[in-house]
Every structure is written in structure tokens, then in C-alpha cells.
Amino acid sequence: MLGSLRNASCLSSRRLYSTEPPLKVPVALIGQLRKLTEVSITKAREALGASNNDVSLALQWLEKDLAISGAAKAAKVEGRATGEGVISTAVLSRGAGFGHGGLRAAMVELNCETDFVGRTPQFAQLAADIAHTAAFISEPNESQVFHDYSMDMLNDAPLISESSPSPSTSVTVGSSVRDLISKVGEKISLRRAVAVVDNPPPELGDLGLRLASYNHGGSGIATQGRIGSLALLALKSQKLPELIAQEAFTTDLARLERSLARQIAGFPTTSVRSPSGEEVDTALYHQDFMMFPDNPTDKVGVALQKWASARGLGEDGVAVVDFKRWTVGEILVA
């Protein structure tokens, strides 16, 4: 009888502490989830297991998990230095001759700890998306041609990718930065952003604005590098509406613009003209125009006069109004 009681007790204990077998996660669902999210096999299995093999619920689970882990890792690396990264530019409209003739562009500096992370496709894509976002959402500024963008406002803005122009309200610039921190384990910070936006009158008159850009020292992406430049040009002539409609003129103009942006990026350029009127190497108009193959020995100011005269604009037909030149990690002057 004692033996029977022992056996009954053991059976009762097994029934009391038995658990359901773990949910089996199909390999096909793991593969499907990984294609959508780029998460590890282990994380995909965990998400599906917690979501009863429902891919939609698993995506929501991963989004919450990434937000929590991203915020934790961001806090952990907060004190680290970020001396690497890229300058990324986004030009959505270059001005006269493009669409309605408006200007819309931005330049941002996104930093990280190491050059290794700074050269990854994920980092490059995030920098490009942030620059595109800043250009897309910026408004005209009456007092400044180039206006600095508030980091708080930009971090809170929905991330708008060029490849996916319909933003998700839940994915912001700031959350995207935290998500990448979670993935790479390094501190990533958005250091600065500048935008230029101008909406001209419907009809082009005798004055038109154009925007030139160039990035140097990148890893194969034309709009990114360790140095970036944006330059605003003004074209003035009664013949401008006629000239801007000619393909030969716009082709020559684009060549000139690229040369000017390269000149600004390639030399320590700090101003368009010298404030004192003296010839200094840091003033664009006083530099030899080495980046322009047509007039490599002329000063930039002289070369612009010759170019404008040769194309019927008159000597003062083209001018550089202002520019921005940034280098990764440079000391910022208030």
C-alpha cells in the first residue's frame, strides 16, 4: 500500500509541475522575418515564439525590443567621443532651370566613434536619409540664405528616405540613430545640419539662383565624404530666361558649378571675398581656379567674369553669393 501511495504521489507531482512543450517556430517564418528586419536568427525565433508565430505581431515585438535596447545602449555609450563620420548632402532642387526653379537642399554631419562604422552601408544610409529629411521639411528663411537647423527639431522629425518618401510616424531621426547604436554598439550623434530653401516667383526674370554641391574623401558615395560644400550662385541677365532654356548653356553652367564646389571643398576657403579687400588664399575669388579646366591659371573672380561674358550674361552675370564648407570633426566657431 505504501508503494502505491508513493507511485500516486509521483504521478501527482509530475502532473502538477508539467508544462506545455515550447512552441515550434517554422524555419520558413524565421527566414521571412529576417528578410523584413535583418535581425539575427536567434532574435527572429524569439520574436516569433513570443508572438505565436504571427509575423505582424513579431514585427511589433521587435520594434519595442529595439527601442528598449537602443535607448539602453545609447545611455551606456553617451560619454564616448565621436571623431569619425561623414558630411552628407541632399539637393532636391538646384534652382533656375530645374522644375519650378526653387532651391531645396541640406547638409548634415553624422558622427561615430570609428572609421569602420563610418564606412558601413547602414551608417551611410542613415546619414543620407537624415540629410534628405532636413532638405524635405525645411522652410524658407527670410533673414538667412543658409540657416542652421535645430537639432531638437530634426531629431523629433519623422525620418524621410529618398527611396521611401512616405514617412512612418513612429520612426523619427532620433529613434533611427538609437536603433543604429543598438546594432553597431558605438555612439552615433547628429552634430549639425544646415538647409537652404527658396521659392522663386512662377516666371523666371533677369535673376536666378543656382546651388552647387560637392563631397570629398568618401567611400564611393558621391553625396558623402569627410568634406562637404554647398555654394549658392546668382545669375543676372535680361537674357537669362532664354539662356537657361538652352541645353548647351545649362551643361556649361553645371560644369562651372561643380568646379566651384570642388574648389571650395579642396582648399581652406573661408569667404567669397576678403573682408579687407586684400588678396588672401582663404578668399574664394582670390584663389587660382585650379578645379576649372577651362581657366586653371585665372583667379576665380576673373574666371567667372570671363565665363559670363563669353555666354552673353555680361561681366557681372554670375556670382557666388555664399557657401558652406564643412569637415568632419572640425572645431565649431560660435
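Worth saying up front: this structure is predicted, and the values here are computed from it rather than measured.

1. Digging into the overall build of the chain
- What the chain contains, in helices and strands, is 11 helices and 8 strands.
- Contacts in the chain between residues at least 24 apart in sequence constitute 65% of all its contacts with a sequence separation of at least 6.

2. Description of empty space enclosed by the protein
- Tallied over the full model, the rule gives 1 cavity of 30 Å³ or more.
- Space inside the largest cavity adds up to approximately 140 Å³.
- Lining the largest cavity are 14 residues; nearest its centre among them are V86, G118, R119, G218 and S219.
- Elements represented by at least two residues in the lining of the largest cavity include exactly β1 (84–94), α5 (115–118) and β6 (224–225).
- In the lining of the largest cavity, the residues fall into 3 nonpolar, 8 polar and 3 charged.

3. Digging into the side chain of S161
- By secondary structure assignment, the location of S161 is in the loop between α7 (151–156) and α8 (173–184).
- A distance of 3.1 Å separates polar atoms of two side chains, one belonging to S161 and the other to D129.

4. Here's the deal with the sheet that holds strand β3 (residues 147–148)
- What the 5 strands build is an open sheet, ordered β3-β4-β2-β1-β6; its pairing is antiparallel. The open sheet is flanked by β3 and β6, the only strands paired with a single partner.
- Contacts between helix α6 (residues 121–137) and the sheet are confined to β1, β2 (103–112), β4 (189–198) and β6, with β2 contributing the most and set at about 145° to the helix.

5. Side note on the packing of α6 against α8
- In contact at an axis separation of 11 Å, α6 and α8 are set at 175° when each is read in the N-to-C sense. Here α6 is positioned roughly antiparallel relative to α8, judged by the angle of their axes. Of the residues in α8, those in contact with Q122, F123, L126, I130 and T133 of α6 are V173, S176, V177 and L180.
- The residue inventory of the contact of α6 with α8, partitioned by class, reads 6 nonpolar, 3 polar and no charged.

6. Focus on the layout of surface pockets
- Of the volumes computed, that of the second largest pocket is approximately 460 Å³.
- Considering the residues around the second largest pocket, the lining is formed by 25 residues, among which T89, V91, R94, S213 and T223 are closest to the centre.
- Broken down by secondary-structure element, the contributors of at least two residues to the lining of the second largest pocket are β1, α6, β5 (207–216) and α10 (247–266).
- By residue class, the composition of the lining of the second largest pocket is 10 nonpolar, 9 polar and 6 charged.

7. What about the confidence of the model for the chain?
- Taken over all residues, the pLDDT of the chain has a mean of 84, while the share at 70 or more is 85%.
- Counting interchain partners and residues more than four positions distant, the pLDDT-below-50 stretch residues 1–18 has 0 contacts.

8. Focus on the environment of G95
- With respect to the helices, strands and loops of the structure, G95 is situated in the loop between β1 and β2.
- Take G95: its relative accessible area is 0%, and that puts it in the buried class.
- Along the primary structure G95 and G208 are separated by 113 residues, whereas in three dimensions their C-alpha atoms are 7.4 Å apart.
- Not counting residues within four places of it along the chain, the set of residues in contact with G95 comprises G101, G102, L103, L209 and R210.

9. Structural notes on the environment of R311
- Among the secondary structure elements, R311 is positioned in the loop between α11 (300–310) and β8 (318–327).
- Between the C-alpha atom of R311 and that of L243, which follows or precedes it by 68 residues, the distance is 8.6 Å.
- Those residues in contact with R311 that lie beyond four places of it in its chain are L243, F249 and D252.

10. As for the pattern of salt bridges
- The tally for this structure, following the rule as stated, stands at 10 salt bridges.
- The residue E109 makes a salt bridge to R191 at a minimum N-O spacing of 3.5 Å. Here the residue E109 occupies a position in strand β2, and R191 occupies one in strand β4, the gap between them amounting to 82 residues.
- Here R191 falls in the partly exposed class, since its relative accessible area comes to 28%.

11. With respect to the sheet that holds β5
- As summarised here, the arrangement of the 3 strands in space is β5-β7-β8, forming an open sheet in which the pairing is antiparallel. Strands with a single pairing partner mark the edges of an open sheet, and in this sheet they are β5 and β8. Between one strand axis and the next, the sheet turns by 15° as a mean value, whatever way the strands run.
- Inspection of the sheet shows β5 paired to strand β7 (residues 227–236) by 10 bridges, in the antiparallel sense. The residue bridging Y214 from the neighbouring strand is S229, located in β7.
- Contacting β5, β7 and β8, α10 crosses the sheet at an angle of about 50° to β5.

12. Points about the packing of aromatic side chains
- For the coordinates displayed, the defined rule picks out 2 aromatic pairs.
- Lying over the aromatic face of W326, R192 brings its terminal NZ or CZ to 4.2 Å of the ring centre.

13. Thoughts on helix α3 (residues 41–50)
- Of the residues making up α3, those classed as buried are A44, A47 and L48. Down the axis of α3, the buried side of the element spans an arc of 95°, and every buried residue falls inside it.
- N52 occupies a position one or two residues after α3 and carries a positive phi of about 55°.

About the thresholds
Numbers given to residues run from 1 along each chain, matching the order in which its sequence is written. Reporting in this predicted model follows two pLDDT cut-offs: at least 70 for local features of residues, and 80 or more for side-chain atom pairs to be given and counted; totals over whole chains, interfaces and linings ignore these cut-offs and use all residues. Only hydrogens and water are set aside when side-chain values are computed; all heavy atoms of the structure are taken into account. Counting from the N terminus, the helices are the DSSP runs of H or I reaching at least four residues and the strands are the DSSP runs of E reaching at least two. Residue contacts are defined here by distance: any two heavy atoms, one from each residue, within 4.5 Å place the two residues in contact. In the cavity and pocket records, a cavity denotes points on a 1 Å grid over the protein atoms alone where a 1.4 Å probe fits but cannot get out, a pocket denotes an open set with protein on both sides within 12 Å along at least 5 of 7 lines, and lining residues are residues with an atom within 4 Å of a point. Grid points are joined across faces, edges and corners, and a volume is the space filled by probe spheres set on the points. Residue polarity follows a fixed list, in which Ala, Val, Leu, Ile, Met, Phe, Trp, Tyr, Cys and Pro are nonpolar, Asp, Glu, Lys and Arg are charged, and the others, Gly among them, are polar. Counted as a polar contact is a pair of N or O atoms within 3.5 Å, where, for protein atoms, one must be capable of donating a hydrogen and the other of accepting one, and residues adjacent in sequence contribute only when both atoms are in side chains. In this scheme, strands are said to pair when DSSP sees at least two bridges between them. Axis angles are defined between N-to-C directions and span 0 to 180 degrees, where every axis is a line fitted to C-alpha atoms and, for a helix, only to the segment in contact. By definition in this entry, angles of less than 35 degrees are roughly parallel, angles greater than 145 are roughly antiparallel, angles of 65 to 115 are roughly perpendicular, and the rest are oblique. Predictor confidence is given residue by residue as pLDDT, running from a minimum of 0 to a maximum of 100. Relative accessible area decides the class of each residue, using a 1.4 Å probe on protein chains only: under 20% of the type maximum gives buried, over 50% gives exposed, and in between gives partly exposed. We define a salt bridge as a side-chain nitrogen of Lys or Arg found within 4 Å of a carboxyl oxygen belonging to Asp or Glu. Each aromatic pair joins two rings of Phe, Tyr and Trp (for Trp, the six-membered one) with centres within 6.5 Å, and gets the label stacked for planes under 30 degrees apart, edge-to-face for over 60, and tilted for any other angle. Placement of a charge over a ring requires the Lys NZ or Arg CZ to be within 6 Å of the ring centre, with the centre-to-atom vector within 35 degrees of the ring normal. Arc definition: it is the arc formed by the directions from the helix axis to the C-beta atoms.

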